[in-house]
Every structure is written in structure tokens, then in C-alpha cells.
Amino acid sequence: MSVPAERPAMSSDDPKTLVSTDWLAAHLKDPDLRILDASWYLPTDPRDGKAEYDAAHIPGARFFDIEEISDQRSDMPHMAPPVEKFMSRLRALGVGDGHQVVIYDGTGLFSAARVWWLFRLMGKTDVAVLDGGFPKWQAEGRLTEDLPPVIRDRHMTVQRQAHLIKDVTQVAHASKIKSHAIVDARGASRFRGDAEEPRPGLRAGHIPGAINVPYASLLNGDQTLKSPDETREIMRAAGVDLSQPVITTCGSGVTAAILSLALERMGHRDHALYDGSWAEWGMFPYLNIETGA
């Protein structure tokens, strides 16, 4: 499979991938700006994203519930929602066509990338993640509020981009014929199979042929995303062949989106996310696994 040449790296603020707190502060009162708090935490983390949003959020932000705005017919956690559900929930949040969307989370850069990817999956490209998220915004002493925003319905059209998502059959095929670089965002101990998974009942290890690039390795100390050049070098050093199309994966499809965001930002457009990730692969005994580095 041929892969398009990488495009030049983007500037530091790009409303289609990543914007700084300075950028957001300068555009905070733009009439067509919509801000989403997409805070979500692992089952082992006692934090509550909605409660934190209710206590304090960036002015005008609406809460995007990753668990609720999902395909709840699936046995897998927070799978991508049907198109109709995505449209109806976003309209209820007052988000629609013509809006510039900025997404943040309470960790810095964690679950916000998942919602960025969901928008891209639905064909919406005027969407960016806030670099450093709410912790950076607060650390800089910027304005917050605890009031719900005034919601006005806005029509939304969606065109699902099927090339941005992979299912278990597609990933198994890619693993077997080595047609894609499969890049796993989990921590090294989980990737090797040394640590238990946070979800009970899952085997430990990784997809055969996968390469480990822990999402945390792509972040600076303040939870901002490393530069495209740094990201490229980290991936190459890990053994990722960037001439191949890439499938990103993780525990349940959340932090894989950080890899997807980083790839998009560094100009590698041919990437897709395995939505089921290890929550699905690790559950089925007939799927092969590998352990170790």
C-alpha cells in the first residue's frame, strides 16, 4: 500500500489539531467558538469529570460525557456512537455546523484527544485540543466559572469517515500481514504484560507485532504535547515505520487518540484508531497475544 508523503509540520496554534491557552483566551468571546470539557478518568481513578466541571470550568464550556455519548449497545466501553446519536447530543449541547470547537480535559492532555478524534470520525475538522488542558489554564490564573452556559440549538451535519476507525477483524488482518504499523499507547508494563489491566478479566500483553509508544512519552512535564519533530523522533526510535499507515490502540480507545493527534499534527495523515483496543482484544481467547518488549 502506498502512503502519501508527510506534509510539513504545522504551526504551534492550529485550530484543526491543537491550540494554546493564549490562543483560546484571545478567542474566548468569538461567537462561533464552542468549548467542550471532555474530562474522563480510568476506572481505577476516583476522580469525577462531571463533578469537576460543575465546580469549575472554562467560561462557556459544555460537558461532553464520553460514556454517555457512545454506542451503549456495545459490550465494549465508550465505543464510537452512531451518527444519529452524535448529532443529537451535540445539537443538545449547542454545537453544530460552522462552529470552531476546542476540547480540553482535567488531566492536561488525556481524554480530550478522544473527543477530537470522534469529531474527525464524524467529518468535522474545525476542532482542536487545548494544549495542557484545564490544569494549564488554571495554573495561569485564567478565568473560570461554575455556571452552565446558555444553550442555543444549532443544526449539525455529519459525514462519517470510515477510514479513521478499525475493527478487530481489520486489526487482526493488519497484524497478520504486517500492512500497518500498530502502535500501542499504554504504559510499558501493561504492554509487556507485567501489569494487570484496570478492567477485570482481560489477558495481559499486546497485539502481535505492535510497537509500544506510551502516550506519556509524547507529553512535556506540563502535559502539553511535544513538538512534531520530537514526536517523529520518539516514534522512529521506538521502531515505528512512518512510511506505513498507522493503527493506534491502547486500553479502550482513549489514549490511542493522543497518538492519532500527534500523528496528524506531525503531518502523517494515514492513521486510524482501533476503537475496541485492548478491552476487546484482551477479552477474546482466540486472538493471539504477545508479551515482553
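Quick caveat, the model's predicted, so the values are computed rather than measured.

Engineer: Explain the overall build of the protein to me, and be specific about the residues and the numbers.
Structural biologist: In terms of regular secondary structure, the protein is built from 10 helices and 10 strands. Since a compact globule built from 293 residues should have a radius of gyration of about 19 Å, the 18 Å found for the protein is in line with a globular shape. For the protein, the spread of C-alpha atoms along the principal axes amounts to about 50 × 40 × 35 Å. Taken over 293 residues, the protein has a buried fraction of 52%. Carbon and sulfur atoms form 51% of the exposed surface of the protein, whose accessible area is close to 12,600 Å². Seen as two clouds, the 32 positive and the 40 negative side-chain charges of the protein have centres 4 Å apart.

Engineer: So, helix H6 (residues 168-177): which residues are in play, and what are the values?
Structural biologist: Residues of H6 that are buried include every one of Val168, Val171, Ala174 and Ser175, and no others. In a view along the axis of H6, the buried residues occupy a sector of 125°, so they form one face of it. In H6, the exposed positions angled more than 90 degrees off the buried face are occupied by Thr169 and Lys176. On its buried side, H6 packs onto strand E6 (165-166), strand E7 (181-184), strand E9 (246-249), strand E10 (271-274) and helix H10 (277-281). The N-capping residue of H6, defined by a side-chain oxygen 3.2 Å from the backbone nitrogen of Thr169, is Asp167. Once H6 finishes, Lys178 follows within two positions and takes phi at roughly 55°, a positive value.

Analysis parameters
Residues numbered from 1 in each chain as written. Predicted model: local features only at pLDDT ≥ 70, side-chain atom pairs only at ≥ 80, totals over all residues. Heavy atoms only, no water. Helix = DSSP H or I, 4+ residues; strand = E, 2+ residues; numbered from the N terminus. Rg over C-alpha atoms; globule rule 2.2 N^0.38 Å. Buried < 20%, exposed > 50% of the residue type's maximum accessible area, 1.4 Å probe, protein only. Areas by Shrake-Rupley, 256 points an atom, 1.4 Å probe, with all protein chains shown as cover. Lys, Arg positive; Asp, Glu negative; His and termini not counted. Charge placed at Lys NZ, Arg CZ, Asp CG, Glu CD. Arc of directions from axis to C-beta. Contact = heavy atoms within 4.5 Å. Polar contact = N/O pair within 3.5 Å; in protein donor to acceptor, adjacent residues only side chain to side chain.

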